[in-house]
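Summary of structural features
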Amino acid sequence: MRKKFLMLLFGILLFGSFVFLIQTVSATVCAEKTLSGAWCQDVEMYEVDTEHRYSQTSCDATSYCKLGTCINNEEGTCTGNTAQKTCEQNNGFWKAGKPVDIPQCQKGCCLMGDQASFVTQTRCKMFASLYSVTVDFRTNLGNEFMCLSSITSDVKGACVFGESEEFGRTCNFVTQKECLDSEGEFHTGILCSAESLNTVCGPSDQTTCIPGKDEVYFVDTCGNIANVYDSSRRNDPTYWTSVVSVENSCGYGSSNADSKTCGNCDYFSGSTCKAYKRGQDVSPSLGDNICRNLDCKYEGKTYSHGETWCATDTKNNDLPGSQHYVLKCYNNEVTVEPCAVKRAEVCIQESVEDFTSASCRTNMWQDCTSIDNEKDCLNDEQRYCEWVKDYEWNTYPAEKDSGVCVPKYAPGFDFWNAESEAESICGLATVTCEVKYEKGLLDGWDVVANEECLPGSSGHKEWLNKMENVCSAIGDCGSSLNYIKQKGYNELNVTKV
Amino acid sequence: MIKRSDKSGQVTIFIIIAVVIVVVGLLAFFVYPRIQTETGFDSENPSVFIQNCMEKEIENNVETISLQGGSLEPEFYYMYDNSKIEYLCYTNKDYLTCVVQQPMLKQHIESEIKNSIVNSEKLCFEKLMQNYIEQGENPQIIDGMTYVKLLPNKIEVTFDKILTLAKEGSQRYENFKVVVDNNLYELVGIVNSIVEWETVYGDADTSSYMTYYPNLKVEKKKQDDGTTVYILTERDSENKFQFASRSMAWPSGYGVTNA
């Protein structure tokens, strides 16, 4: 009896130790730092850097890895989703909550002359000292776009300096403040080349690009900025007298890309001021600068600056290994942005008046196979699916007017892994077709149902295609070439029983 | 006959002079910059010596740091094109937004630059002292802190040291500044904005950055494990900043790992 009791006790202890061991090995731990160097991750115990804090709970439930906002008082920036330690070890100030809920993290429009930035008030003040400019912080402009659209330039004009024997009456085209600081005589909105000012500056053929501005500008003989380059007005004294706004200058509203005569470039429309390059640009009628055309040429087609479009590895369908891409044309250059692998993301594009916009979006295929009606299946706002008519899962022949919903963009998966669920996933599209035969009156057997399933029969090819299409629509299943046109290991078999 | 001989002698002399001029010109072209660097020490202006001595080293280190996500030796990184790229935001989970790994990026980069130039700072100031000693001076230096500041369009490194020379009266030089033209300050601002998007939406739209900043190219390279590598390039200078982020990763296909 005593021996039995001891054995039972030993058994309980052994079982308890085993359970403890299993728990220790497999339980997720919130590691303040992992051995690989990541901060605040839920990981297995063996990944924990034990020199830092850790506990057997989710990071959300810990104090040391609770996420909040890191405030950089020096820079006036706020960073969300930050753990306290990572913030404080670099002298940041940590606060619980999201940046939108913290008063000092509220953003506004920081106007600095002809520049603007959507930042916090602290950062705006920092800009003031950093760039030595006067700033105007406005909280009524609620987003970055409104902020950038509200930029107004400081009014500039001719700043004339008294006549000197050596240089005559000189002039600088500056803001009123700059002129007053340099003790000049300010003429609002007047150019230095104005005849009425009687300065040494006059019209010239020279042009220039100004940092931060799109347009090509005339330059007077003193090197001052004048109006937007317009070769037809080179000899027009009125065009060299007062400031003409961009809106009232030549070709306003279009890009004027590659124009020999007009320098009213617009980055959003697809041009910007650049120094003329032989072989690349059209030679300007005057000066050395031009509205450079920012459009792109790609595979024989021209795309506008800012245009984005989709591309895939394979032209027709989503084969194993294939991926979607977004191609972007900016500044004369096409960049390629891959969407997530295995079609976890797909590229969707739309066009308005020949201008294409594309983006990678999450492939919403997950509930396709559970939808049983065409209307819901084709609801693109909810999911990306396709309706296959006259088909039923695992049933053949399907009832009339039946159908199934399958992913529009077949998701990929790791079918090559021994542990993958390839068989069960692809098995969804397994169909058993029973061909019925009847004994003929005289001799032999006649097919009376489902003859199309038999290889060589009429209609077999169509049947096979349909089965194959459903198969490859639900994932990397069925018999197909991969994206580099290599055959799979398993060919589709139809066996006569 | 004699006259003819004189003429050919003159021609020979001219040829020799021409060859000598060409050789001297070539030597000056190829060797002079080095001679100038080695000996071009202006005892009145030690700051210029330090600037020349350290500028290249700072530029190289800044380039390395920028290509590696802000760290000279990344600790937690993604291998991309055989380069270690630091994760600035990361979660090992699928469907969740990332946890910021480097919230004070600007300060971190300043500290990395500072640490990366410790040796060259020592070397350059030793060279400076040596130059003074060779000129018969008795230079004394009082060490101080080194400050690195990322500023608009430049990086400013200040060595808060005091150099005194005692030969001809007492001369004192302090606050040695090295300034490197670089737009890292502006790039860091954009990186912070991208990281902010990653923490909120798990993704950032590169098009809007290229629309608002004409001189900037932003590339986004999604990787197999859900990591995204961002590459920011300034179009004129070709200055780059690369970093990695893993946020809102979707498992591939039917995969349910990490969920």
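Residues numbered from 1 in each chain as written. Chains lettered and ligands numbered in written order. Predicted model: local features only at pLDDT ≥ 70, side-chain atom pairs only at ≥ 80, totals over all residues. Heavy atoms only, no water.

1. Quick look at a nonpolar patch on the surface
A cluster of nonpolar side chains, namely Ile13, Phe14, Ile17 and Ile21 of chain B, defines an oily patch on the protein surface of about 430 Å² accessible area. Checked against the element boundaries, Phe14 of chain B lands in helix α1 (residues 2-39). (Patch = residues over 30% accessible without salt bridge, like charges linked within 9 Å, V, L, I, M, F, W, Y side chains within 5 Å. Areas by Shrake-Rupley, 256 points an atom, 1.4 Å probe, with all protein chains shown as cover. Salt bridge = Lys/Arg side-chain N within 4 Å of Asp/Glu carboxyl O. Helix = DSSP H or I, 4+ residues; strand = E, 2+ residues; numbered from the N terminus.)

2. Some words on helix α3 (residues 121-131) of chain A
The set of residues buried in α3 of chain A consists of Arg123, Cys124, Met126, Phe127 and Ala128 of chain A. In this structure, the buried side of α3 of chain A is in contact with β5 (77-83), β7 (107-112), β8 (115-120) and β9 (136-138) of chain A together with α5 (184-201) of chain B. Note on α3 of chain A: the residue one or two positions beyond its end, Ser132 of chain A, has a positive phi of about 50°. (Buried < 20%, exposed > 50% of the residue type's maximum accessible area, 1.4 Å probe, protein only. Contact = heavy atoms within 4.5 Å.)

3. Quick word on the packing of helix α2 (residues 46-67) of chain B against helix α4 (residues 118-134) of chain B
Residue and element names in this part refer to chain B. Axis separation between α2 and α4 bottoms out at 10 Å; the angle between their running directions is 145°. Between α2 and α4 lies a crossing whose hand is right-handed. Here α2 contributes Pro46, Phe49, Ile50, Cys53, Met54 and Glu57 to the contact with α4, which in turn contributes Ser120, Glu121, Cys124, Phe125, Lys127, Leu128, Asn131 and Tyr132. Counted by class, the contact of α2 with α4 contains nine nonpolar, two polar and three charged residues. (Axes fitted to C-alpha atoms, helices over the stretch in contact; angles between N-to-C directions. Left-handed = near helix turned anticlockwise from the far one by under 90°. Nonpolar A, V, L, I, M, F, W, Y, C, P; charged D, E, K, R; others polar.)

4. Quick word on the sheet that holds strand β21 (residues 324-330) of chain A
All names here are of chain A. With antiparallel pairing, three strands are arranged side by side in an open sheet as β20-β21-β22. Each edge of the open sheet carries a strand with a single partner, namely β20 (308-312) and β22 (333-338). The mean angle between the axes of side-by-side strands here comes to 30°, regardless of whether they run parallel or antiparallel. Pairing analysis gives five bridges linking β20 to β21, with the strands arranged antiparallel. (Pairing = 2+ DSSP bridges.)

5. What about the confidence of the model for chain B?
Residues and elements named next belong to chain B. Across chain B, pLDDT averages 87, with 85% of residues at or above 70. In this model residues 32-39 is a low-confidence stretch, pLDDT under 50, and it forms three contacts with partners more than four residues away in sequence or in other chains. The model gives residues 255-259 a pLDDT under 50, and that stretch makes six contacts with residues more than four places away or in other chains. (pLDDT = per-residue confidence, 0-100.)

6. As for the interface of chain B and chain A
At the interface, 45 residues of chain B touch 58 residues of chain A. Each partner contributes to the roughly 4400 Å² buried at the junction of chain B and chain A, and carbon and sulfur atoms together form 51% of this total. The closest approach of N and O atoms between Lys107 of chain A and Glu196 of chain B, which form a salt bridge, is 3.4 Å. For the interface between chain B and chain A, the tally reads 25 residue pairs in polar contact (both at pLDDT 80 or more). Elements represented by at least two residues in the side of chain B that touches chain A include exactly β3 (99-100), α3 (105-116), β5 (146-151), α5, α6 (206-212) and β8 (216-222) of chain B. Broken down by element, the side of chain B that touches chain A gets its largest block of residues, six residues, from β8 of chain B. Across the side of chain B that touches chain A, the residue classes break down as 17 nonpolar, 13 polar and 15 charged. (Buried area = accessible area lost by both parts, 1.4 Å probe. Polar contact = N/O pair within 3.5 Å; in protein donor to acceptor, adjacent residues only side chain to side chain.)

7. A look at the pattern of salt bridges
Scanning the model with the defined rule gives 35 salt bridges over all chains in all. Here Lys220 of chain B makes a salt bridge to Asp203 of chain B, at a shortest N to O gap of 2.8 Å. One end of the pair, Lys220 of chain B, is in strand β8; the other, Asp203 of chain B, is in the loop between α5 and α6, and 17 residues separate them in sequence. When salt bridges that share partners are traced, they join Lys328, Glu337 and Glu345 of chain A together with Asp203, Asp205, Lys220 and Lys222 of chain B into one network.

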